[in-house]
Amino acid sequence: MTSRWGRVAGVGCILALVGVFIVGGQFVGLTAPFSGSAWETVDRPDSVTVENPYGEATVTYNERGVPTIDAENERALAYATGYVQARDRLYQMDLVRRLMGGRLAAAFGERAVESDKFHRRMGFEDAAEATWRRLNGTEHGDKLEAYSAGVNRYIETRPLPLEFKLNDYEPARWEPVDTLLVGQQISWGLSGSFADLRRETIADKLPRAGPLYPRRLDHDATIIDADRPGHDWQPPSRTDGESVQAVYESVRQFDTQTGLGSNNWAVSGEFTESGEPILANDPHLTLTAPPVWYEMRLESPEGNVSGAGFAGIPFVIIGANDDLSWGVTNVGADVTDAYTYEWRDGQYLYEGEYRDPETTTETIRVSDGENVEVTVERTVHGPVLERENQTVAIAWTGLTATTQSRAIDDLSSADTLSQFEDALRQFDLPAQNFVAVDRDGGTLYYPAGKFPIRTIDGEAVPGDRVFNGSAGHGEWAGFDPYGQSNWTGFVDFGAIPHLDDPGYVSTANQRVVDDPGFYMGTSMDFASPYRGMRINELLAARTANGSVTREDVVAIQRDTRSVAAERFVPQVLNATDEMTPEARQAAQRLADWDYRMDRDSRAALVFHLWLDRFRNETFADEYNANGLGDSYHPRYWVLQNLPADSRWFDDVRTAGVESRDDIAARTMQWVVEEIDREGYETYGDYNTVDIDHQFPVGFLDYPERPTDGSPFTVRNFRVGASPVGSSYRFVVSESGSIAVLPGGNSGNYLSDHYGDQFDLWRNGEYRPFPTGADGSPTITFEEAEGAS
Amino acid sequence: MSTRGRVVAARDRVRVGDRAELAASVVFLVGLLASAVHWSGLLVGGALLGLVASSVRRAMLTGVYLGVSVLFVFGVSLVVVGALSAYLSTGVLLLASVGFSVGLPALAAGAVRGLT
């Protein structure tokens, strides 16, 4: 018999249960053991069979979660790739298409509205649709459709990643345009630039700073080095109507630009110990969780290819097939222009008449908020934006139908360097420094992409300015925004400086060549040459006796010696007379330093903090007073080469006149205080890699750990809230190819491969490059009955 | 004896009779299996434990045992696939998972035992 107390307890329990379900009911189904939807993406050791409308395929994951996808034909391969990428990276894929399509706010609310407005105004999705109109019905288009079907098969039948459940939304169906949007995202990140507007802003607010942004940095460490055997590129003589030479004559200098960079180099068998070529590549992009790159191996009767691509794209972008290996770095070419107009009553002047901009109103859906309407305007040149207090129209080579996707597809199937070069003809953006080697030891360097020729009154002009759109200045002939361009006003592929069989060649985003024969970009586009100089120094030493090994190449990729430190440290040591005793003591640490940015180095810590602050101490007094933040500061290469008595070292806020020594000494005093305040012991206390997931839930982030390298070292790492560094390192060699990702190949937090390469990466270690299936398939695709 | 009386007598035999431990073990296993299939198994298992428990206190205690056992078996399954460490790092999700696992069967058992 239940006592009165027992009945009271029973009622209490019922009330407690009701309370639990009212307060946290939605979390029960999410977090309960076994059945909780949060745990559905755990890598179960079972295998599944999936119907594939295009044919048979198998997916076998290796010990690092890298899939080998083997299919009986190309479309079956694309379908299986879609399924597999959705399994491993669906949330990342959805995030990218939302970003580029201007649909983030529908999932993330008001904080994403400004981003959506920008992406809607730019019309990236319209450009992707223009590309799809071109590809639809082609063999390549069929692959994109098969890939989309594979993604959708996963979405419809398998558990969604944890992030969707935490944010309580579901992904829409994947379409081929979404794949093209992923390509748009990486292209815009690497080649979309408002440098022209930045330059104009500086000119307006601080005119005398102009010389700090030269068209060409004063160095001779170009990619194509005329003094090196095999680097004897000459502009071809031209017989067609468009005068590339005229463009070249109008270009006086080239220069550099902040942003994302990369390293790659190729060494032919002539210089290696084994007689086989070796290729290395490490693209420097924002470090994210999961990583930007997705590694895979694709096998079909057409051939096999291993390497990395982007989730959402069914092709390997950098890697190796049975005959070739290749890698890329960003050229940094200027392929974005801005145009201003005379406006009157909402119309813009063009070709002598006032025209209405093409105007549409789009609705941005906002999760948990009011929908927002955005007006999208376009002129004949492109989308209208308001930036830096200017209303401008933007032209970017990605805002038209492109053949980038098809080019990437064709690169994978090239059997010879000649076929590879042919595939590059279609690679329109983002302009990339391709290096490639073949099994026979042949090498190739080609900065492929579309380079616009700007003209004013028929004369070719550089693109480092905001053009008068009303007067028709700087237009790109043959470019049709959101349409099908014929590219007549762009540099011929054959006229682009390149090297066939250079022996060895390296690229690190520096200026391609002194005289390319046309306008390619300025110092705001090309990187400082620090990394390039170091790579060439090491390659020259190792190729001198013709016995380069894979280990040599790995040592170069891991190299932490800073050429920037070599150049700046003498300036520090020259200023010790102006320093306090404690600052002088800190500076003396640099005297015997080997310039290596290693985590256990105290000198590296002192130098890094000093350099960071030194630029600010030099320029901030006048830049800040004119409303220009530190993002406007000139390049370190420019700072390095300022004379000791440059007026930029004078602090205009003081009565006296400061020199470089004064500023260097003042900066070192700050460094001493900073180190004391923060309790830093070595560089690794400061130089930590802290990679966050884009979904703001702490446990999805990778752990914060010390690492080596700096923005100026071959082993590239830029510490910060959004760290940048080697987003994928790989070395292809006959003696064993190796690679590493800054995290893991799976985007599923509960997978064993979510972050299993993180420590390898931060410690400069590698694991084998995927070379084929070993073991039983995890996923088997069987041809669906009735499928064609 | 009325039908209700026979049911009550049978219930009491299960709760305090010679086979009380056996009955508790059987429903414990049923609850464990049900919990592995769906989260409502935590409630069902708890309710069954309440039905066979000799007191409210014992009912809630065995409910806690069930929840802990479910967590233990789930943990073992995560060890097998190398995901235990990730599970233990999920912060609020882990707290909710543990809380629901232990709380739901305990409260369900207490409610059933207290009112029957």
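Just above, that's the structure.
The rules behind the values
Residues numbered from 1 in each chain as written. Chains lettered and ligands numbered in written order. Predicted model: local features only at pLDDT ≥ 70, side-chain atom pairs only at ≥ 80, totals over all residues. Heavy atoms only, no water. Patch = residues over 30% accessible without salt bridge, like charges linked within 9 Å, V, L, I, M, F, W, Y side chains within 5 Å. Areas by Shrake-Rupley, 256 points an atom, 1.4 Å probe, with all protein chains shown as cover. Salt bridge = Lys/Arg side-chain N within 4 Å of Asp/Glu carboxyl O. Helix = DSSP H or I, 4+ residues; strand = E, 2+ residues; numbered from the N terminus. Buried < 20%, exposed > 50% of the residue type's maximum accessible area, 1.4 Å probe, protein only. Contact = heavy atoms within 4.5 Å. Buried area = accessible area lost by both parts, 1.4 Å probe. Polar contact = N/O pair within 3.5 Å; in protein donor to acceptor, adjacent residues only side chain to side chain.

Asks: What is the right way to read a nonpolar patch on the surface from this model?
Replies: Together, V11, I14, L15, V18, I22 and V23 of chain A together with L115 of chain B make up a nonpolar patch on the protein surface, roughly 670 Å² of accessible area in all. In terms of residue count, the dominant contributor to the nonpolar patch is helix 1 (residues 4-31) of chain A (six residues). Tracing the backbone shows V11 of chain A in helix 1.

Asks: Can you help me understand the pattern of salt bridges in this one?
Replies: Should their charged atoms come close, side chains of opposite charge can pair. Residues and elements named next belong to chain A. Applying the stated rule across the entire model yields 40 salt bridges over all chains. With its nearest N and O atoms 3.3 Å apart, the salt bridge here joins R87 to D88. Both residues of the pair, R87 and D88, belong to the buried class. Note that R355 and E351 form a salt bridge whose closest N and O atoms lie 3.2 Å from each other. By relative accessible area, R355 is classed as partly exposed at 24%. Looking at E351, the relative accessible area reads 56%, which means it is exposed. Beyond isolated ion pairs, a larger network of salt bridges with shared partners links R613, E617, D651, R653 and R666.

Asks: Please clarify how unusual backbone geometry should be interpreted in this entry.
Replies: Most peptide bonds take the trans form, and the phi angle of most residues other than glycine is negative. Residue and element names in this part refer to chain A. With an omega of -5 degrees, the peptide bond between A289 and P290 qualifies as cis. Within the element layout of this structure, P290 appears in the loop between strand 5 (278-286) and strand 6 (293-300). A positive phi angle, near 65 degrees, is found at F34, a position not held by glycine. Assignment of secondary structure puts F34 in the loop between helix 1 and strand 1 (48-52). The phi angle at W487 is positive, at roughly 60 degrees, despite the residue not being glycine. On the secondary structure map, W487 appears in the loop between strand 22 (466-468) and strand 23 (499-500). A relative accessible area of 12% means that W487 is categorised as buried.

Asks: Hey, could you run me through the interface of chain A and chain B in this one?
Replies: By a widely used convention, the size of an interface equals the accessible area lost when the partners come together. Contact residues are listed per partner, giving 35 residues for chain A and 36 residues for chain B. For the pair chain A and chain B, the summed buried surface comes to about 2900 Å²; carbon and sulfur atoms form 78% of the total. When the area that chain A buries against chain B is broken down by residue, the three leading residues are P33, F34 and W39 of chain A, summing to 22%. If you look at where chain A meets chain B, you find zero salt bridges. Applying the counting rule to chain A against chain B returns four residue pairs in polar contact (both at pLDDT 80 or more).

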